[in-house]
Structure formats: structure tokens, C-alpha cells
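# Coordinate inspection notes
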Amino acid sequence: DLEVENEEKDGSLWHIAYPLADGSGQLVVATTRPETMLGDVAVMVHPEDERYAHLIGKQVKLPLCDREIPVIADEYVDKAFGTGVVKVTPAHDQNDYQVGQRHQLPMICVLTLTATINDNAPEKYRGLERFAARKAVVADLEALGLLVETKKHKLMVPICTRTGQVIEPMLTDQWFVAMNKVGSGDATGKSIAQKAIDAVASGQVKFVPENWVNTYNQWMNNIQD
């Protein structure tokens, strides 16, 4: 995260129809990254959105993929934005990841580390560079009559400060250090973060100028693994 800066860019918001599996209609979702729909595992609505309450628990057909995915309810959804229906791709979006954890959804990663489409996606798209895949997905949705509309949209895009490339959130195997958990066999009974906070609170470590203590404490109290 420290090497990622969000920049405002001109993009598009694609509205895509996901047909209900029972043939009773369709749900329209809006996305700025249509290629990630190849890894969708659910669509979600707000639990208090009366427009969609009767659809919670039903299945939709995921366009371009031979899969059915559930309609779930989660308070993360902003009822007023777009159509009030959101696609869920836990492997490629940090907020969707949290939703996936809450609802025990599968995580389907559809990108390689070099940002090409991997073998978890339908064969037609495998090996395509991500933006080429976006064009192909949009063209195929249009051909199937499932592209409802395309709107111009300003969005915040995560950019790598080293290369200027657009960053793709995705699942990878990484090592983490637990910051708020007490190590087994640690006689102090304190986590790494707590020891670091105590070192400053006790005066063992001093900040010059002193006002940086507030920044430090805010960081340490909210630190992630």
C-alpha cells in the first residue's frame, strides 16, 4: 500500500445484465473493470432495498462463464449508487474480499502475476492481457445483448509509484508478521505493537519533535499484520 497512489482517471461504467437462473428476469450491475467478472462469485444487494428483497437467495447466470452464482444481501452496498446491485469478486477487490469472508464465498483469481487472464477463466480469454481481455469481454457482452449501457465515469485508479502501471488487487501467497497477537511463549504477554506503544509511553524511546508521538500512536493503534 505504501507504494500505491490513487489517481483520478477518466474511465467507463459498464452496466451488465445478469439473467436470473429461473428465467424470471435479470439484475443489472455496474462495474469499472468488466474483465474481473470472470472471477465473480455472487451479486449483492442491500438487505433493506425493497426493489430486490424477493431475489435474495436466488441464483443468476454469470455471463460468458458456465456458472450460476447467488444473490446475497450485505450492508456494504450503497442503494443509491448505480443500480443498487453490485458484483462480488473477492480475489480482485479489497472490499469484495471482506464481503467474501463474511459470507464464506469462494475466491476465484483470474489474473496471473503479469496481469494476463489465467486458466480459471473461460478458454477464450486465457492468456489475454488484462485490457485486451476487457475489450473482448465488453464486445462479447454486447453481442449477447447483455451490455445495457456504457457511461463515462471518473474513478480513482491505484497506480504503482515505481512504474506508473495500474495496480491489480489480487490474492497472492505472502508472509505476514502478526502485529496484535501475543507470540506463543512470550513471557511479556504483549504483542509487537503493544511493546512498541509502551516503549514510547514509558519514555524509553523519545520523539523529536514530540508532536510526532500522536502520529506514531495513531499508526501503531491501527496497524495491520
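Residues numbered from 1 in each chain as written. Predicted model: local features only at pLDDT ≥ 70, side-chain atom pairs only at ≥ 80, totals over all residues. Heavy atoms only, no water.

The next subject is the overall build of the protein. Within the protein, the secondary structure is distributed over four helices and seven strands. In the protein, the succession of α and β elements from N to C terminus is β-β-β-β-β-β-α-α-β-α-α. Projected onto its principal axes, the C-alpha positions of the protein cover 65 × 40 × 35 Å. For the protein, the residues scored as buried account for 39% of the 225 residues in total. Counting contacts in the protein only where the partners sit at least 6 residues apart, residues at least 24 apart contribute 63% of the total. (Helix = DSSP H or I, 4+ residues; strand = E, 2+ residues; numbered from the N terminus. Buried < 20%, exposed > 50% of the residue type's maximum accessible area, 1.4 Å probe, protein only. Contact = heavy atoms within 4.5 Å.)

On inspection of all chains with the given rule, the structure shows 14 salt bridges. In this structure, Asp-40 and Lys-87 form a salt bridge, with 2.9 Å as the shortest nitrogen-oxygen distance. A residue pair is termed long-range when its members are at least 10 positions apart, and Asp-40 in the loop between strand E2 (26-31) and strand E3 (42-45) and Lys-87 in strand E6 (residues 85-88) qualify at 47 residues. For the pair Asp-40 and Lys-87, one class covers both residues: buried. Here Asp-49 ties to Arg-51 by a salt bridge, and the two come within 2.7 Å at their closest N and O atoms. Looking at Asp-49, the relative accessible area reads 4%, which means it is buried. The structure contains a network of salt bridges with shared partners spanning Arg-33, Glu-129, Arg-130 and Glu-168. (Salt bridge = Lys/Arg side-chain N within 4 Å of Asp/Glu carboxyl O.)

Attention now moves to the packing of aromatic side chains. Scanning the model with the defined rule gives one aromatic pair in all. Taken together, a centroid distance of 5.1 Å and an interplanar angle of 50° make the contact between Phe-207 and Tyr-216 tilted. Judged by relative accessible area, Phe-207 falls into the partly exposed class, the value being 27%. (Phe/Tyr/Trp six-rings, centres within 6.5 Å; stacked < 30°, edge-to-face > 60°.)

Further remarks concern the nonpolar core. The biggest cluster of nonpolar side chains holds 40 residues, and the ones touching the most others in it are Ile-16, Tyr-18, Leu-27, Leu-38, Val-43, Val-60 and Leu-141. Residue assignment for this core shows that the elements contributing at least two residues are strand E1 (4-19), E2, E3, strand E4 (59-62), strand E5 (67-73), E6 and helix H2 (130-143). With residues near it in sequence (within four places) discarded, Tyr-18 still touches Gln-26, Leu-27, Val-29, Met-37, Asp-40, Val-43, Val-60, Lys-61, Leu-62, Pro-63, Ile-69 and Lys-87. (Core = buried A, V, L, I, M, F, W, Y, C linked by side-chain atoms within 4.5 Å.)

This part covers helix H3 (residues 192-201). Ala-193, Ala-196, Ile-197, Ala-199 and Val-200 are the residues of H3 that are buried. Looking straight down H3, one finds that the buried residues subtend no more than 155° of arc, so they occupy a single side. Tucked inside the fold, the buried residues of H3 contact helix H4 (212-221). Looking one or two residues past H3, Gly-203 carries a phi angle of roughly 90°, positive in sign. (Arc of directions from axis to C-beta.)

Take the sheet that holds strand E7 (residues 147-160) next. One open sheet accounts for three strands, arranged E2-E1-E7; its pairing is antiparallel. In the strand order of this sheet, the two ends are held by E2 and E7, each with one partner. For this sheet the average axis-to-axis angle between neighbouring strands, irrespective of direction, equals 20°. The pairing of E1 with E7 spans 13 bridges and is antiparallel. Bridge pairing links Gly-11 to His-153 in E7. (Pairing = 2+ DSSP bridges. Axes fitted to C-alpha atoms, helices over the stretch in contact; angles between N-to-C directions.)

It is worth spelling out unusual backbone geometry at this point. The linkage connecting Val-208 with the following residue, Pro-209, adopts the cis geometry, with an omega of -5°. Assignment of secondary structure puts Pro-209 in the loop between H3 and H4. Unlike most non-glycine residues, Gln-104 shows phi in positive territory, near 50°. Summarising the element assignment, Gln-104 is placed in the loop between helix H1 (94-102) and H2.

Now for the state of the cysteines. Disulfide: a covalent bond formed between the sulfur atoms of two cysteine residues. For the structure shown, the criterion picks out zero disulfides. Free of any disulfide, Cys-65 has its nearest cysteine sulfur in Cys-109, 14 Å distant. (Disulfide = S-S within 2.5 Å.)

Moving on, we come to the sheet that holds E3. Taken in spatial order, the four strands make up an open sheet running E4-E5-E3-E6, and their pairing is mixed. Where the open sheet ends on each side, the last strands, each with one partner, are E4 and E6. Across the sheet, the mean angle separating the axes of adjacent strands is 35° when strand polarity is ignored. Relative to E5, E4 runs antiparallel, the two sharing four bridges. Bridge pairing links Leu-62 to Arg-67 in E5.

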